Amino acid sequence: MISVKKVDNKPLNLLERVYLLEIARGIAVTAGHFFRNLINPEGMPTVQYPEQRIPLPGNARLRTRHRLKIRADGSPKCVACFLCRTACPACCIHIEAAEYPENTVEKYPAVFDIDLSRCVVCGMCVEACPEDAIAMDTNELPGGALARPDMMLTKETLLRDIPSTGDPSVKGASNRLANEYLKTRGEQ
Amino acid sequence: MTGFFEANREILLFTGLTAVKIAVFLGAVMGFTALLTLAERKVSALMQDRIGPNRASVFGFAFNGLFQPAADGIKMILKEDFMPERAEKLFFTLAPFFALVPALALFAVMPFGDYVMVFGCRVQLQIAELPLGLFFVLALSGLAIYGVILGGWASKSNFALLGAMRGAAQMVSCEVVLGLTLVGLMMIYGSAGLQNMVRSQGGLLFGFLPAWGVVYQPFAFILFLTAAIAENKRGPFDLVEGESEIIGYFMEYSSMRFAAFMFAEFVEIVLVAMLAATLFFGGWQVPYLYETGFLFPGGAQLPLNHYLVSAMQVGAFAAKTVFFSWFLLTVRWTLPRFRFDQLMGLCWKALLPLALLNILITGAVMKLPL
Amino acid sequence: MPTLTIDGQTIEAAKGTTLLEAAQQLGIYIPRYCYHPNLSVSGNCRMCLVEVEKAPKLVTACSTEAAQGMAVLTASNKVKAARRDVLEFLLINHPLDCPICDQAGECGLQNYYMEYSLAKSRFNAADKVRRPKRRAVGPYLALDNERCILCTRCVRFCSEVTKTSELEVMERSDHSYIGLKEGTALDNGYSLNIADNCPVGAFTSRDFRFKQRVWFLKKTPTVCLGCATGCLIEAQHNENVIYRLTPRPNAETNTWLCDYGRMTYKAVRAGDRLTKGVIKNGQIDLKPALREAAARMDEARRSAAVLGSPWLSVEDNAALARFAKDALRTENYCFDFNCGQGIKDGILINNDPAPNTSGVKPVKAACGGITLTELSRRIAAGRIKAVLMEARAAALIKDALKAAGPRLIVFAANTGEIPAGAYAALPYASYFETPGTFVNYQGLLRRTKPPVEAPEGVKPLWAVVNELASCSGTSLGLDSVEETLKGIYIK
């Protein structure tokens, strides 16, 4: 079934059909803006973006540039489970997993790239992460770049500690394994 | 040798003066046109609460985008000059000139002032004093179609051809109206020379109202402006380009060839603005300013030097041109684009009968014993 | 023939049929962990509990034989509750390893939890019983005792299928765990089947470990070419890379797959993969290599020989035969291979290491040619100046080659296959990259379906042969696979 919505378009009266008055009204609007902005350029709502910035709201819904959280020993919390890559609608995450020889966490990302030029900043990766390892709380807006490689976030650039957010985070499935491993290493 | 100069003194003086006038006037027009490309972007920006181009800078000084036309020009020159493989090489190359040259030639008859005394010589502030200047204007503006048609056809591109076809139909239709709206003025002034028409607008009506064309023919002014914008292919009648649909007759053009088309369009804006000022708003006339100075309706007088009067007249012409240029930009950025059938309907069903009606009424009023 | 009803549907089951099998015949799926159709019944996981009317308790469907007049319910509230509770028990001590576990995505616990439980855990994650984490057991397997649910499929596989009994349940009661018998290593030639059989992530493949998540893998049914057995397999691949091979159980040939067969995919992307031509140990582009090879064959003409190969598909052998007959017009060509075929170890591995010994026979029937011994004789006698063949087939005539040393022009997929002293080698697409027809030792037709694409510029062997012929000025007209099979009758 196609639903049909009937729109009651009012027939134009003669004055409107002649169009001249309407044109004058239109020009009054645009010219009004023109002169107002000409006389008082500071009154314009436009922000000169790279130089001027509106402070970010900083609430929980804000999604900014990604980061990978790190554990107390400096290793990435990420275990290369590929769930972010699976959830990513833009297919912008590239992960290559590797194995720790001793650490009971076993798995870590040898390569973790996010192609910002493809990222749609939807936050699905953060939602999907079972380890609380990826976050979008850096308060940095993913901006433009002059070359494609500049848009590529690598593991090295992603790994970052932000103590004010309560890092290192204790959430995540493999956290227990990591703590146990740290404890055994401490004893040695 | 001296004998030659003596014998041909008149001609040499005339040629030299004309050359100087061409250099000064055309130079001013070209400079203004270049600024107009910036103005178009700035005006549209400001009326949309934006800022517009302000990044092009020389040694770190941007002057709020003043260097943008220069930057545009450099960019255009440096771009690849591309020609489609199957294009008609000769006409493809010629088309931009067909667009640009008639537009520039039109300034020859534009009176930008009354006259000025230089070393005892009376120098007319008009490059060519044609007695039938208005017909020269109509004739040359008719030539502008060739640029469009040749450009569209020689590109051998369907979109370009479509744009050219639209352009041809639109310009042919609007030219008729454009011509007819001016008949009323010619009847009133009894002349087709532009300088004469401007001079005729120097008087006063009812003792206080400047006897400008718009006072006699307000209706014709609206028709003229509409037809002129359509002839000029500017918004809201820019279907020839119609970026969102067909891109236009210059689709296959790049680099300076494309720039020539674009420049021609802006030159035509200046032209329409000057024509509107000349024909309907007294040209270089300043209200109550006569050759010797101001003479206000109340009887107050302000005698002025000849050069000051001339400068004010030229200034008035420039100010009117600037105003109408701004007005054309404003119209283009205010109104949405017409559909092609709407434009044709407007031309043939509204503008043309109204223009004829205007002539009829003008004639009737002139014959009435008033 | 007892007649019983399962969920209201009546079925006449053969004597000895269990309830689980009877339900399966009706299309009713009963969840199971320890049950495996090809292993003995153990009945320890309790996942397959069903309700039988008039029975005092729920019974295990996998170990209860169908009896006359039974009324079985597989979806009653009682059964559902039982399944939920069994899952809860199994998950009490199961570690939260899913992010680092290779089984995730094809895990029995995950799948059944989503289908039959969805209950919140009532236990504290910190109180979970700890067991040894991953360790290598044998060359192909890793064992993680913590994830094990003690279904004993692995133990039964080792004792019943391979009969090597390396694995056992150690200790007893809640202390029990799967362990390797002292002094043994889990290297019985079929060990990766244990990883397949394990319903959880206790046994995982060391080869596949962390390479790819299973849900990204696409599956293409194809055929194992490791030996003449011709097992049906499934190639699991993603983005043009094969990651693992798994068996496609079938009644005729195979339920399992040997470790050797599982590793055959590695040659496709091995470091020595040949993608260019080789002339005298130097790699050059295919075109000039083809021209050189064609020139050498032309030089020899009637004293040139062509040898087919039991490692090649019927199509490629047929193309070689066409080349010998129509391009070279020589009589020295041989498509005569014989090998005593048969299952060597009683499970899968065949005496004949080549996959297509039986498949070359139709080519011989259609095109004729001399016998292998005759060819060897002619080569040894020095009557043959150049031989065109597939690299691995060189082993079949290696004595003759050693004796006379004709010019060898071989087709090779990997440089490791090229016999020493070969004059030229030409690359061709492996049967993971191009379709091919094979006939296994039972005479069953086996067609491979390519899961991945060949490296750029590498073509199927029949296409390379076609180009070779056109280099020496003969058009064989081999433009498609169908064209190569013209006149070849495969029963």
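Quantities reported herein were computed from a predicted structural model and do not represent experimental measurements.

Asks: Even after reading the chapter, I still don't get the overall build of chain B, so can you show me in this structure?
Replies: For chain B, the count of helices and strands is twelve helices and seven strands. Its C-alpha radius of gyration of 22 Å places chain B within 12% of the 21 Å reference for a compact globule of 370 residues. Looking at chain B as a whole, 41% of its 370 residues are labelled buried. A sequence separation of at least 24 residues applies to 75% of the contacts in chain B between residues at least 6 apart.

Asks: What exactly am I supposed to notice about the arrangement of the chains here?
Replies: Here two pairs of chains make contact, and the pair sharing the most contacts is chains A and B. Of all C-alpha pairs spanning chain B and chain C, none lies closer than 33 Å, and the two are not in contact.

Asks: Where do I start with unusual backbone geometry in this structure?
Replies: Glycine aside, negative phi is the norm for most residues, and most peptide bonds take the trans geometry. All names here are of chain A. Positive phi, normally seen in glycine, also occurs at tyrosine 19, with a value near 80°. The phi torsion at glutamate 106 lies on the positive side, around 70°, for a residue other than glycine. Topologically, glutamate 106 is positioned in the loop between strand 2 (93-99) and strand 3 (107-115).

Asks: I'm lost on the environment of alanine 99 of chain B in this one. Help?
Replies: Position of alanine 99 of chain B among the secondary structure elements: in helix 4 (residues 89-105). Taking the C-alpha atoms as reference points, alanine 99 of chain B and phenylalanine 261 of chain B, separated by 162 residues in sequence, lie 6.3 Å from one another.

Asks: Sorry, what's going on with the interface of chain C and chain A here?
Replies: A common way to express how large an interface is: the accessible area buried when the components associate. Chain C puts eleven residues into the contact, and the matching count from chain A is 16 residues. A per-class count over the side of chain C that touches chain A returns seven nonpolar, no polar and four charged.

Asks: Just checking my understanding: could you explain the sheet that holds strand 7 (residues 141-143) of chain C for this structure?
Replies: All names here are of chain C. Taken in spatial order, the three strands line up as 6-7-10 in an open sheet, and their pairing is antiparallel. On the outer flanks of this sheet lie strand 6 (135-137) and strand 10 (203-205), each paired with one strand and no other. The sheet shows a mean angle of 40° between the axes of neighbouring strands, direction not considered.

Asks: Explain the pairing of strand 3 (residues 49-52) of chain C to me, please; I cannot follow it from the model alone.
Replies: Two faces belong to every sheet, and in a regular strand the side chains alternate between them. Residue and element names in this part refer to chain C. As paired elements, strand 3 and strand 4 (residues 59-60) share two bridges and run antiparallel to each other. If you follow valine 50 over to strand 4, its bridge partner there is valine 59. Hairpin remark: strand 3 followed by strand 4, antiparallel, with six residues in the connecting loop; positive phi at lysine 54, about 75°. Note that strand 3 and strand 5 (residues 71-73) share two bridges and pair antiparallel.

Asks: Looking at this structure, how should I read the packing of helix 4 of chain B against helix 10 (residues 255-280) of chain B?
Replies: Packed helices, taken two at a time, are described by the angle between their axes plus the distance between the axes. All names here are of chain B. The interhelical angle for the contact between helix 4 and helix 10, taken along N-to-C directions, is 25°, at an axis separation of 8 Å. Taken together, the axes of helix 4 and helix 10 lie roughly parallel to each other. Note that helix 4 runs across helix 10; the crossing there is left-handed. Judged by residue contacts, Pro96, Ala99, Leu100, Ala103 and Leu104 of helix 4 engage Arg257, Ala260, Phe261, Phe263, Ala264, Val267, Glu268 and Leu271 from helix 10. Here the residues of the contact of helix 4 with helix 10 are counted per class, giving eleven nonpolar, no polar and two charged.

Asks: Which parts of the structure should I look at to understand the interface of chain B and chain A?
Replies: Residue-level contacts link twelve residues of chain B with 13 residues of chain A. The set of elements that each furnish at least two residues to the side of chain B that touches chain A consists of helix 2 (9-47) and helix 11 (306-334) of chain B. Looking at the side of chain B that touches chain A, the element that brings in the most residues is helix 11 of chain B, giving four residues. Taken together, the residues that form the side of chain B that touches chain A break down as eight nonpolar, two polar and two charged.

Asks: Is there a simple way to explain the pairing of strand 9 (residues 177-180) of chain C in this structure?
Replies: Residue and element names in this part refer to chain C. Pairing of strand 8 (residues 167-170) with strand 9, which is carried by four bridges, proceeds in the antiparallel orientation. Along strand 9, the bridge assignment pairs leucine 167 with leucine 180. The antiparallel hairpin formed by strand 8 and strand 9 contains six residues in its connecting segment, where glutamate 171 sits at a positive phi of about 60°.

How each quantity is defined
Residues numbered from 1 in each chain as written. Chains lettered and ligands numbered in written order. Predicted model: local features only at pLDDT ≥ 70, side-chain atom pairs only at ≥ 80, totals over all residues. Helix = DSSP H or I, 4+ residues; strand = E, 2+ residues; numbered from the N terminus. Rg over C-alpha atoms; globule rule 2.2 N^0.38 Å. Buried ≥ 20, exposed ≤ 12 C-beta atoms within 10 Å, placed from the backbone. Contact = placed C-beta atoms within 7 Å. Nonpolar A, V, L, I, M, F, W, Y, C, P; charged D, E, K, R; others polar. Pairing = 2+ DSSP bridges. Axes fitted to C-alpha atoms, helices over the stretch in contact; angles between N-to-C directions. Parallel < 35°, antiparallel > 145°, perpendicular 65-115°, else oblique. Left-handed = near helix turned anticlockwise from the far one by under 90°.

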